[in-house]
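Tertiary structure, described
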Amino acid sequence: MIYILKIILCSSLLIALYFVFLEKEKMYRFNRFYLLFSVIFSYTVPFITVTSKHPKPTGKVQTTLEATTQVLDLTQHNERFNWISFIWILYGIITVILLVKTIYSIVKIKKIKGKEIWYENQKVVLTDENIPAFSFWKTVYIGKIYLVDNKIDPRIFLHEKSHIDQKHSIDLLFIEVLKIFTWFNPSLYLYKKAVVINHEFLADESVLDKKFNVKDYQHLILDEIISQKNYNLTHTFNFNNTKKRFIMMNTKKSKLTNFKKVAIAPVLLLAFGLFVQKTYANPIEKIIEETQNKTSEVLKNSFSEDTGKVFDDSENKVLNQQIETPAIRIENTNSSRTVQDTVRPKEGKNTNLKEETAARNTETATPKDDVTSLPQYPGGFNALRTKISKLFDPSKMNTDKSKKFSRTELTYTVDETGNVIDVTATGNDEIFNTEAISALKKANENVVWIPAEKDGKPVRYRMKIPLAMSFQ
């Protein structure tokens, strides 16, 4: 979802820039390049990842991530309306409709009946139907009445031939394909409007460069407006934005043209900085990952076959070694391990990740023998805990308040389809609760779990992750 939002915002910003600063400038070729480049830029930048080091932290915040409590949810649930499926179905229906509409428009053009001739080395279809001149791909379509004494008005022919020579149909098809699959982006409709009118400016420029009289050419355009039939994806000679075309025909090149071309560069750099995907990393990231892998066995819960209660046997296990580096330290204790997380420090705060284990009972726990398989997060629960700790933003916490310790317990369900639902948090700090929920949801974006199974069938599974933060 965040990628879609970034694409819409970026494309909207750049098309607004075009209408405000570039559209009225007589630099049509540059404007064509800008329109195509900016839409490609908007659709690619949000997917580019830039890794950088965060400024050295000045504060100290300690975040505790406790072991995951696993609870099998065997209670009956009412069927819920699946909004995600509904949205995908709606998206698919609209996309198919637009695709069929576009294909139909192309087929409709190709089925136009008429006599094919070559006129001045250009393929022309003389149609039986009285339609205004238009061009599509490599062909000019024009009614027979426009052929007088085996000649076509040179201004009309040159206008349409310019569209073909400059390959304007490719631009339109490119925008149309984007509209089909990302029809929810409102800026695309503005892009298409801007691209089409700029194509007309380019074609008018080609005609007037041949020293045809401007007023006579404008009268010719007005005479053609009475025709009503138009085809989608084509360049019709009697284009509706007549007023803009007439204005640009009489506009002189501005002195600010070159300046505006250069000024676009820093705007694009700013947009890149705003919408690129940012990550923070340090050289010790691999060390932390290796250390967490070594301690993962201690964090695993096991099930008591006799009592049917969830418990943790980590009190009987201790680390046999102590690793010390300037950036990471693991202490030998019976119930906790402390790891300094410098993978993602934020807002001048140093985040310490502390994983604790605690024995817990639950009323809905089920003996291990009663479960075919437990839910699995891609990469394991250790990967989930690591991801949550990285996505948690301690900068949003108020370190000046008197409360030195915040605690919450995240509760969520892995449903039968492997999606995480019903995320809640209970704790003594609403800000901490909100950020904890946000981190868990982000950690599960575009992620599908392997659901728990009972008797060979997927079942809902209840999970708990206790979190705590202390300020030092």
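Report on the accompanying structure.

**Here's the deal with the overall build of the protein**
Across its full length, the protein holds twelve helices and 20 strands. Restricting the contact set of the protein to residue pairs at least 6 apart, pairs at least 24 apart contribute 75%. If you sum the accessible surface of the protein, you get close to 25500 Å²; carbon and sulfur atoms cover 57% of it.

**Notes on the pattern of salt bridges**
By the definition in use, this model includes 13 salt bridges. Note that E176 and K192 form a salt bridge whose closest N and O atoms lie 3.1 Å from each other. Pair noted here: E176 is in helix 5 (residues 168-181) and K192 is in helix 6 (residues 187-208), with a separation of 16 residues, a long-range link. Just as E176 is buried, K192 falls in that class too. Note that E200 is salt-bridged to R245, the shortest N-O span being 3.9 Å. Taken together, the residues E200 in helix 6 and R245 in helix 8 (residues 242-249) connect sequence positions 45 residues apart. Pair check on accessibility: E200 and R245 agree, each one buried. Each of the salt bridges in this network shares a partner with another, and the network as a whole consists of E200, D204 and R245.

**Describing the packing of aromatic side chains**
All told, the structure shown has 16 aromatic pairs when counted by the stated rule. With a centroid separation of 5.0 Å and an interplanar angle of 10 degrees, the aromatic rings of F134 and Y141 are classed as stacked. Ring centres 5.3 Å apart and planes at 65 degrees place the aromatic pair F392 and F432 in the edge-to-face group. With F392 in the loop between helix 11 (381-391) and strand 16 (405-414) and F432 in helix 12 (residues 430-443), the pair connects residues that are 40 residues apart, well separated along the chain. In this structure an aromatic cluster arises from ring pairing among W88, Y91, W183 and F184.

**A short note on the environment of E116**
As for its position among the elements, E116 is in strand 4 (residues 114-118). Taking relative accessible area as the criterion, E116 reaches 55% and is therefore assigned exposed. For the pair formed by E116 and Y141, sequence separation is 25 residues and the distance between their alpha carbons is 9.3 Å. Excluding anything up to four places from it in sequence, E116 contacts K123, V124 and V125.

**Focus on unusual backbone geometry**
Positive phi, close to 65 degrees, is recorded for N121, a residue that is not glycine. Assignment of secondary structure puts N121 in the loop between strand 4 and strand 5 (123-127). For N121, a relative accessible area of 76% gives the class exposed.

**Things to note about the pairing of strand 4**
Here five bridges tie strand 4 to strand 5, and the two strands are oriented antiparallel to one another. Bridge pairing in strand 5 links W118 to K123. The loop that links strand 4 with its antiparallel partner strand 5 comprises four residues; one of these, E120, has a positive phi angle of about 50 degrees.

**Side note on the side chain of T411**
Tracing the sequence through the fold places T411 in strand 16. Leaving out residues up to four positions away in the same chain, T411 has contacts with D422, V423, T424, R462, M463 and K464.

Conventions used here
The numbers attached to residues start from 1 for each chain and follow its sequence in the written order. Under the rules for a predicted model, residues below a pLDDT of 70 receive no local features and side-chain atom pairs below 80 are neither given nor counted, while totals for whole chains, interfaces and linings still include all residues. Water and hydrogen atoms were dropped before computing side-chain values, which therefore reflect all heavy atoms in the structure. A helix here means a DSSP run of H or I that spans at least four residues, while a strand means a run of E at least two residues long, and both kinds are numbered starting from the N terminus. Residues are treated as being in contact if the distance between any of their heavy atoms lies within 4.5 Å. All accessible areas in this document rest on Shrake-Rupley with a 1.4 Å probe, and a residue is counted as covered only by the protein chains that are shown. A side-chain nitrogen of Lys or Arg and a carboxyl oxygen of Asp or Glu constitute a salt bridge if their distance falls within 4 Å. The buried label goes to any residue with under 20% of its type's maximum accessible area, the exposed label to any with over 50%, and the partly exposed label to all in between, with areas taken from a 1.4 Å probe on protein chains only. Here a pair means two rings of Phe, Tyr or Trp (six-membered ring of Trp) with centres within 6.5 Å. Their orientation is stacked below 30 degrees between planes, edge-to-face above 60, and tilted elsewhere. DSSP calls a pair of strands paired once it identifies at least 2 bridges connecting them.

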